[in-house]
Amino acid sequence: MTIRFEDKVAIVTGAGGGLGREYALELARRGAKVVVNDLGGDRTGTGASDAAQKVVEEIEAAGGAAIANGASVTEYEQMTEMVARAKEKWGGVHILINNAGVLRDKTFTKMEPADFEFVVKVHLIGSAMATKACWETFREQNYGRVLMTASSTGLFGNFGQANYGAAKLGLAGLTKTLYLEGAKNNIKVNTIAPVAGTRMTEDLFPEEAFKAFSPDKVVPAALFLVSEDAPTNQIVGAGAGVFQASYVTLTQGKLLTGDDLSVEGVQKYWSEITDRTDEIVPDSGAAQSMLIGKKLAGG
């Protein structure tokens, strides 16, 4: 069955180029009305351009409906105004793809505190502000789809990207609470960890790899995760046409008592504590306490 978005209004942040542009174009092709949000700055977050308007023109030239928006995701009032404009024009907002981001890569030794703070502010706080601006509308409609953009750096680490990694894993954590809070109102929240050749990564990829990892090859996962029949609370990796799933897991653990309930005991039983046999994928934070309770009860 073809997935369509005819009756949906979508906001895509950071949609002036790269992944965001591809998301916006494909959503429009499939019938969505699209708010193309982009400040128009470079990958460090400085400067400005008319990138969003150019994407709108592409969409309109193909027969789609879109409006440009130059609001900053870090400014909540600007995000609420963006949502209000979309609702005024099209009657609602149903989809939010949090894609806006910046890079200020340096080793932690050389990284200025301001660069750490700024990257976390744009990625993590910015995604929270954009989502918060949409949240009450989603609840009122009893429908919402949110996609957070994490990264393999956040999930697994990457040298020289402490600020970026901290923000990106934070977004996966934000997803895990919002999916719980939104469930009763048919709000589904997912995380994508894309690998793509864009202006953010152009100096990190060899030329052939840059072509292989073209942004359009991430789009199928992103749009599925904001579709009507999307799953929720998923972390999906996507790059070069390969799609993966990541999970935060919990081992069964080891109950320590008596003399073993000590620093030395943790050292002694470390291999059992970290044994991944029968590990679980918790649905919420309560699972950790429940598993401890089971251990205490002799389970």
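Residues numbered from 1 in each chain as written. Predicted model: local features only at pLDDT ≥ 70, side-chain atom pairs only at ≥ 80, totals over all residues. Heavy atoms only, no water.

1. A short note on the packing of aromatic side chains
Step number 1: Enumeration over the complete set of coordinates arrives at 1 aromatic pair.
Step number 2: Seen in terms of ring centroids, F108 and F116 are 6.3 Å apart; in terms of plane orientation they differ by 70 degrees. Their pairing is edge-to-face.
Step number 3: Since its relative accessible area comes to 61%, F108 is described here as exposed.
Step number 4: Over the ring of Y143 we find K8; its NZ or CZ atom is 4.8 Å from the centre of that ring.
Step number 5: Sitting over the face of the ring of Y143, R145 holds its NZ or CZ atom 4.2 Å from the ring centroid. (Phe/Tyr/Trp six-rings, centres within 6.5 Å; stacked < 30°, edge-to-face > 60°. Buried < 20%, exposed > 50% of the residue type's maximum accessible area, 1.4 Å probe, protein only. Lys NZ or Arg CZ within 6 Å of the ring centre and 35° of its normal.)

2. Description of the pairing of strand β7 (residues 235-239)
Step number 1: The buried fraction of β7 is high, at 5 of 5 residues.
Step number 2: What you see with β7 is no split at all: I235, G237 and G239 on one side and V236 and A238 on the other are buried throughout.
Step number 3: For strand β6 (residues 187-194) and β7, the ladder comprises 4 bridges, and the chain directions are parallel. Bridged to I192 within β7 is V236.
Step number 4: Note: β7 against strand β8 (residues 242-246), 5 bridges, orientation antiparallel. (Helix = DSSP H or I, 4+ residues; strand = E, 2+ residues; numbered from the N terminus. Pairing = 2+ DSSP bridges.)

3. Some thoughts on the sheet that holds strand β2 (residues 33-37)
Step number 1: Overall, mixed pairing links the 8 strands, which are arranged β3-β2-β1-β4-β5-β6-β7-β8 in an open sheet. Each edge of the sheet is formed by a strand with only one pairing partner; in this case those strands are β3 (65-69) and β8. Ignoring which end each strand starts from, the neighbouring axes of this sheet average 20 degrees apart.
Step number 2: In the packing of helix α1 (residues 18-29) onto the sheet, the strands contacted are β1 (9-13), β2, β4 (95-98) and β6, and the crossing angle to β1 comes to about 170 degrees.
Step number 3: Taken strand by strand, helix α2 (residues 51-61) contacts β2 and β3, and its axis lies near 175 degrees from that of β3. (Axes fitted to C-alpha atoms, helices over the stretch in contact; angles between N-to-C directions. Contact = heavy atoms within 4.5 Å.)

4. Some details on helix α4 (residues 113-141)
Given 3.6 residues to a turn, an α-helix orients residues that are three or four positions apart in the same direction.
Step number 1: Look at α4: 41 Å from first C-alpha to last across 29 residues, which is about the 42 Å you get at 1.5 Å a residue.
Step number 2: Downstream of α4 by a residue or two, N142 has a phi angle that is positive, lying close to 60 degrees. (Expected span 1.5 Å × (residues − 1).)

5. Concerning the nonpolar core
Step number 1: Counting residues in hydrophobic clusters, the biggest one holds 32 residues, and the most contacted among them are Y23, L27, V34, V36, I59, I97 and I192.
Step number 2: Looking at which element gives the most residues to this core, the answer is α1, with 6 residues.
Step number 3: Excluding residues within four positions of it along the chain, L27 makes contact with F5, A10, V12, A32, V34, I95, I97 and L223.
Step number 4: Counting 31 residues, the second largest nonpolar core, distinct from the first, contains W90, V122, M148 and I187. (Core = buried A, V, L, I, M, F, W, Y, C linked by side-chain atoms within 4.5 Å.)

6. Quick notes on the pattern of salt bridges
Step number 1: Counted according to the given criterion, the structure contains 13 salt bridges.
Step number 2: Among the ionic pairs, D7 bridges to K8, the shortest N-O distance being 2.9 Å.
Step number 3: Note on D7: relative accessible area 54%, which makes it exposed.
Step number 4: Residue D50 pairs with K54 through a salt bridge whose shortest N-O separation is 3.7 Å.
Step number 5: Salt bridges linked by common partners bring D7, K8 and E228 together as one network. (Salt bridge = Lys/Arg side-chain N within 4 Å of Asp/Glu carboxyl O.)

7. Overview of unusual backbone geometry
Step number 1: Positive phi is not limited to glycine here, since N142 has a value of about 60 degrees.
Step number 2: For N142, the location among the structural elements is in the loop between α4 and β5 (144-149).
Step number 3: Of note in the backbone geometry, N186 takes a positive phi value of approximately 55 degrees without being a glycine.
Step number 4: Structurally, the position occupied by N186 is in the loop between α6 (162-182) and β6.

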